[in-house]
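Listed here are the chains, written in short residue letters.
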Amino acid sequence: MGVLIHFDGSIGFANSLQPQFESEKTNIIGLGITPQYRINNKIAIVTDFTYNINLKQLYGFDGYPIHNSKLSETGYFYNLSIGLIYYIGENRYHSDWF
């Protein structure tokens, strides 16, 4: 069993489905935790939970402006992912575990 904690930043681009609204660019800060469980030396199952903060968001998640003026808000969303990792390579052990 292993646990990773991460802090990240990114830039997101969004286009509204409504043609009268312009596209926007928002900065995103994420904080998350990733538990890992090693099944064997080649396969691990992982789950990632990330809390994301959108800075200066002009449009809601429905594609419409949050305010009638160009005032921005801070938006939040969560992401949950579950997956498998298959380690390639000739080494018997992977550095995630040793």
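Residues numbered from 1 in each chain as written. Predicted model: local features only at pLDDT ≥ 70, side-chain atom pairs only at ≥ 80, totals over all residues. Heavy atoms only, no water.

### Points about the packing of aromatic side chains
Here is step 1 of the chain: Under the definition given, this model contains three aromatic pairs.
Here is step 2 of the chain: A centroid spacing of 5.8 Å and a plane angle of 15° characterise the contact between tyrosine 51 and tyrosine 76, whose relative ring orientation is stacked. Of this pair, tyrosine 51 sits in strand β3 (residues 43-57) while tyrosine 76 sits in strand β4 (residues 73-86); the two residues are 25 residues apart in sequence, bridging distant segments of the chain.
Here is step 3 of the chain: Residue classification places tyrosine 51 among the partly exposed positions, given a relative accessible area of 27%.
Here is step 4 of the chain: Here tyrosine 76 falls in the partly exposed class, since its relative accessible area comes to 45%.
Here is step 5 of the chain: Ring centres of tyrosine 51 and tyrosine 78 lie 5.2 Å apart, and the angle between their planes is 40°; this geometry places the pair in the tilted category. Note that tyrosine 51 is positioned in strand β3 and tyrosine 78 in strand β4, a separation of 27 residues in sequence.
Here is step 6 of the chain: Following the ring pairs from residue to residue traces out a cluster consisting of Phe49, Tyr51, Tyr76 and Tyr78. (Phe/Tyr/Trp six-rings, centres within 6.5 Å; stacked < 30°, edge-to-face > 60°. Helix = DSSP H or I, 4+ residues; strand = E, 2+ residues; numbered from the N terminus. Buried < 20%, exposed > 50% of the residue type's maximum accessible area, 1.4 Å probe, protein only.)

### Focus on the environment of tyrosine 86
Here is step 1 of the chain: By the element assignment, tyrosine 86 lies in strand β4.
Here is step 2 of the chain: Overall, the relative accessible area of 55% leaves tyrosine 86 in the exposed class.
Here is step 3 of the chain: It is 5.6 Å that separates the C-alpha atoms of tyrosine 86 and lysine 42, two residues lying 44 residues apart in sequence.
Here is step 4 of the chain: Discounting chain neighbours no more than four positions away, the residues touching tyrosine 86 are Lys42 and Ile43. (Contact = heavy atoms within 4.5 Å.)

### As for the pairing of β3
Here is step 1 of the chain: As defined by bridge partners, strand β2 (residues 24-38) adjoins β3 across 10 bridges and the pair is classed as antiparallel. Residue pairing for β3: glutamine 36 is matched across the bridge by valine 46. (Pairing = 2+ DSSP bridges.)

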